[in-house]
Amino acid sequence: MKKIIISSCILLFCIATISAQRNYKREFAVGAKFGTTFSRVTLRPSVRQNYEMGYMGGISARYIEEKYFGFIVELNFIQHGWKENFSDEGDYSYSRKLNYIELPFMTHIFFGNKVFRGFVNLGPQVGFLISDKEISSFNLKELPQFSQTWESTQYNMPIAHKFDYGICGGAGIEIKAKKNSFILEGRYYFGLGDFFKNRKVDYFSASSNQTISVALSYMFNLK
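Residues numbered from 1 in each chain as written. Predicted model: local features only at pLDDT ≥ 70, side-chain atom pairs only at ≥ 80, totals over all residues. Heavy atoms only, no water.

1. Some details on the overall build of the chain
Item 1. Counting its secondary structure elements, the chain contains 1 helix and 9 strands.
Item 2. Its helices and strands taken in sequence order, the chain reads α-β-β-β-β-β-β-β-β-β from the N to the C terminus.
Item 3. For the chain, the residues scored as buried account for 48% of the 223 residues in total.
Item 4. Of the contacts formed within the chain by residues at least 6 apart in sequence, a portion of 71% connects residues at least 24 apart.
Item 5. For the chain, the exposed area adds up to about 12,000 Å²; of that, 62% sits on carbon and sulfur atoms. (Helix = DSSP H or I, 4+ residues; strand = E, 2+ residues; numbered from the N terminus. Buried < 20%, exposed > 50% of the residue type's maximum accessible area, 1.4 Å probe, protein only. Contact = heavy atoms within 4.5 Å. Areas by Shrake-Rupley, 256 points an atom, 1.4 Å probe, with all protein chains shown as cover.)

2. Describing the pairing of strand β7 (residues 163–176)
Item 1. The pairing of strand β6 (residues 116–136) with β7 spans 13 bridges and is antiparallel. Bridge pairing in β7 places Val126 opposite Tyr165.
Item 2. The sheet contact formed by β7 and strand β8 (residues 180–191) spans 11 bridges and is antiparallel. Note on β8: the bridge partner recorded for Ala171 is Gly186.
Item 3. The turn joining β7 and β8, which pair antiparallel and follow one another in sequence, is formed by 3 residues. (Pairing = 2+ DSSP bridges.)

3. Topic: the nonpolar core
Item 1. If you look at the biggest cluster of nonpolar residues, it comprises 22 residues, and the most contacted ones within it are Tyr155, Phe195 and Phe196.
Item 2. Sorting the residues of this core by element identifies β1 (27–44), β4 (69–84) and β5 (94–112) as the ones contributing at least two each.
Item 3. Per-element accounting of this core gives the leading share, 3 residues, to β5.
Item 4. Contacts of Phe196, omitting those with residues within four sequence positions, involve Leu43, Trp82, Arg96, Gln154, Met157, Pro158, Ile159, Ala160, His161, Phe204 and Ser207.
Item 5. Residues Ala29, Ile64, Phe110 and Ile183 belong to the second largest nonpolar core, which totals 6 residues. (Core = buried A, V, L, I, M, F, W, Y, C linked by side-chain atoms within 4.5 Å.)

4. Looking at the confidence of the model for the chain
Item 1. Put simply, the chain has an average pLDDT of 89, and 89% of its residues get 70 or more.
Item 2. Across the chain, element-level confidence peaks in β8 with a mean pLDDT of 97 and bottoms out in helix α1 (residues 2–19) with 52. (pLDDT = per-residue confidence, 0-100.)

Below is the structure:
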């Protein structure tokens, strides 16, 4: 599955790069964005989860030199993580927020007119963990009785790999004016790296981020 996603992303990126060699009215814009995240993680062995709500914000630059294609690079602060679902175990709660600085580089495919555009973004993303926090309704050092039947190895487990990488893709709408534009985008991030140790002797064989984000951006056209 990971190989298919990576191969598809590389193919689309190459097609956009080749197409962008033809001249078109150039556009260059910079801007800022802010939004909400809904995240969970892939753990093996698995843990029953709900989406953990967080936030994200950052800056972006977009370059267009082709009628339907362009490129976007961003620098964002974003919250990944997960919230465990104790619905059958009693009145407990546990969540862990993972705070990253991330750099997505995406192909921008758009359609529409001078005022209204729809678009699709797709590309690779790298990130670096700057902090994490566990929030629970119980003592993580003296676990209550539920831990006898509940996966609990993840509690107090340190993050082993701060560098993260994956594929992100999204779609949205853009409303343009003469010198600026407003953008609403929904995006999904599929992490390919593990944040816990993942050797054969380690407990978790997989521990990757999966995050949905919804963000509003303001872009100012420089060219």
